[in-house]
Amino acid sequence: MEHKTHANKLKNIFIAVGMFFAIVIWMRRHILAYLLRLTPVQNRVLVTYGVKIPAKDGILLAADHYSPYKPGDHPTILIRSPYGRNADAGIFGRMLAFFAQRFAERGYHVIVQDVRGRFDSQGEFDPYFSEHDDGLATLKWIDLQPWSNGSVAMWGSSYLGIVQWAVAAHAPNLKAIMPSITSSELQTVLYPDDAFDLGLAMRWMSILSHLADNHHRSMFASLNMMNMVERDIKPVFSHLPLREADKIVTGQTQAYYQTWLDHARADSPIWQEEREAIDIQSVDIPVHLIGGWYDFFLRGLLTDYENLRQSGKTPYLTIGPWHHFNAMTSLGDLREGIHWFDAHLKGHKHNLRQHPVRLFVMGANEWREFDTWPPPSQSLRYYLQPDHGLSTVTPDIESASTQYT
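Described below are features of the structure shown in this document. Numbers given for residues are sequential positions, taken from 1 along each chain in its written order. The predicted origin of the model limits local features to residues at a pLDDT of at least 70 and limits the giving and counting of side-chain atom pairs to 80 or more, whereas totals for whole chains, interfaces and linings rest on all residues. Calculated side-chain values reflect all of the structure's heavy atoms, with hydrogen atoms and water omitted.

**Considering unusual backbone geometry**
Keep this limit in mind: Under the scheme used here, helices are H or I runs from DSSP no shorter than 4 residues and strands are E runs no shorter than 2 residues, and both carry numbers assigned from the N terminus.
Of the consecutive residues L240 and P241, the connecting peptide bond is found in the cis state with omega at 0°. Relative to the helices and strands, P241 resides in the loop between α8 (225–233) and α9 (245–250). Here W373 and P374 are connected by a cis peptide whose omega angle stands at -5°. Relative to the elements of secondary structure, P374 occurs in the loop between β10 (366–370) and β11 (383–384). The backbone phi angle of F119 is positive, close to 55°, even though this residue is not glycine. Counting through the fold element by element, F119 comes out in the loop between β4 (109–114) and α4 (131–144).

See below:
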């Protein structure tokens, strides 16, 4: 009798545990939304993998389509990436798939696309220079789909932001963008202050190579990728000529790297043509720029903000205490994106914050909001003093010196 009672207790425990896990699995999307501080889940998601989208020249660009199960008038979010569109491409692709699911749960069609020459998309990868035509072709394709309601937004960070700028002034169905830790200018990022950033170029090239090598392999194959990148690029910094650096890092000559070296000057025709194609001052849609104080794109991002302001626009600007890769994996971009697109594609303007500019103030370690960047300020002139100090008062001694080792 006692043995039977003990068995019944164990049975009840197993049933209770099983029911608990069943409830967790059933409610997992809602639990995740609560933990990540996202808006409530509205529907389940259907994913169609391997959609082929024709480019202007006939090559096919591969994409995945995340669609809400719930019928309705749903806008679309387009995400275009060279880092892979799903888990087959490793950790970056898995992250994009995760973000796409979250957007689709909240009533958006989401198209996640491999850019030209990357992973399952045909053609040759030509960073920056192919994105205008390919982006417009993809937006036109979306407009022709029976599920499209004619409203599209674009989202993403780093290169995923560059592709947004490539089409922002030219697509009638594009209603809002949110470029994060990025810039409309690639040349000034590659050549900050007119000096070639070899470390940045090598790391990016190596990352692209490793991601391609790990395609269709386990995600765990890419977990040690950054250590492998640092190992692979180390020989470059003691090697000349620079022309051979791409072959040392990736095992073959990269046409786009050779193009960068051939066109170093900012006034080179290829960069000038791309600036004219982007035409940032003609961008007339809502733009939310997100940057990091430690990000190498920050200077370019603030230039984009200033150009939009000078053309009479009111862009939103958020700058946090982030570096580049820290912000690329930030869930803050997802939260901000949901609010931004709900406001401009669904009319939920109450989701917008009161002030367009939000900055994390270093030292004070707090967020503050302003109407514009830079915030209102008053210039003060400080003078070096004989006692090693600073003062707004001109020193009495006309000539004084100090020394240091």
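**Some thoughts on the pattern of salt bridges**
Here is the rule: What makes a salt bridge here is a side-chain nitrogen of Lys or Arg within 4 Å of a carboxyl oxygen of Asp or Glu, nothing more. The cut-offs for exposure are 20% and 50% of the maximum accessible area for each residue type, with area from a 1.4 Å probe on protein chains only; residues under the lower value are buried, those over the upper are exposed, and the others partly exposed.
Throughout the structure, instances matching the rule amount to 17 salt bridges. Notably, a salt bridge pairs D134 with R116, separated by 2.8 Å at the nearest N-O pair. A residue pair is termed long-range when its members are at least 10 positions apart, and D134 in helix α4 and R116 in the loop between β4 and α4 qualify at 18 residues. R116 shares its class with D134; the two are buried. Here the salt bridges do not stand alone but share partners, grouping D64, R85, D114 and D120 into one network.

**A word on the nonpolar core**
Under the convention used in this document: Only buried Ala, Val, Leu, Ile, Met, Phe, Trp, Tyr and Cys residues count toward a nonpolar core, and they belong to the same one when joined by side-chain atoms within 4.5 Å. By the convention used here, residues are in contact when the closest approach between their heavy atoms is within 4.5 Å.
V110, W165, M202 and F341 are the most contacted members of the largest nonpolar core, which totals 96 residues. Of all the elements, helix α7 (residues 198–213) adds the most residues to this core, at 9 residues. Other than its neighbours up to four places away in sequence, M202 contacts I233, V236, A245, V249 and Y257.

**Describing the side chain of N43**
Note the threshold: Any pair of nitrogen or oxygen atoms within 3.5 Å is treated as a polar contact; in protein, a donor-acceptor pairing is required on top of that, and neighbouring residues in sequence qualify only through side-chain atoms on both sides.
Relative to the assigned elements, N43 resides in the loop between α2 (28–35) and β1 (45–54). Since its relative accessible area comes to 6%, N43 is described here as buried. At a separation of 3.0 Å, a polar atom in the side chain of N43 contacts the main-chain carbonyl oxygen of A104.

**Concerning the packing of α7 against helix α10 (residues 255–262)**
Operational definition: For helices, the fitted axis covers only the stretch in contact; all axes are lines through C-alpha atoms, and the angles between them, taken along N-to-C directions, range from 0 to 180 degrees. If an angle is under 35 degrees, it is roughly parallel; if it is over 145, roughly antiparallel; if it lies from 65 to 115, roughly perpendicular; otherwise it is oblique. With the far helix as reference, a near helix turned anticlockwise by less than a right angle produces a left-handed crossing, and one turned clockwise produces a right-handed crossing. In this classification, Asp, Glu, Lys and Arg are treated as charged, Ala, Val, Leu, Ile, Met, Phe, Trp, Tyr, Cys and Pro as nonpolar, and every other residue, Gly included, as polar.
Axis separation between α7 and α10 bottoms out at 11 Å; the angle between their running directions is 165°. Taken together, the axis directions place α7 and α10 in an arrangement best described as roughly antiparallel. In this structure, the crossing between α7 and α10 has a hand that is right-handed. Contacts from L198, A201, M202, W204, M205 and L208 in α7 reach Y256, Y257 and W260 in α10. The residue inventory of the contact of α7 with α10, partitioned by class, reads 9 nonpolar, no polar and no charged.

**Overview of a nonpolar patch on the surface**
Spelled out, the test is: Any residue with relative accessible area above 30% and no salt bridge may belong to a patch, with like charges joined within 9 Å and the nonpolar Val, Leu, Ile, Met, Phe, Trp and Tyr side chains within 5 Å. All accessible areas in this document rest on Shrake-Rupley with a 1.4 Å probe, and a residue is counted as covered only by the protein chains that are shown.
Taken together, L380, Y382, L384 and L390 make up a surface patch of nonpolar side chains, about 500 Å² in accessible area. For L380, a relative accessible area of 54% corresponds to the exposed category.

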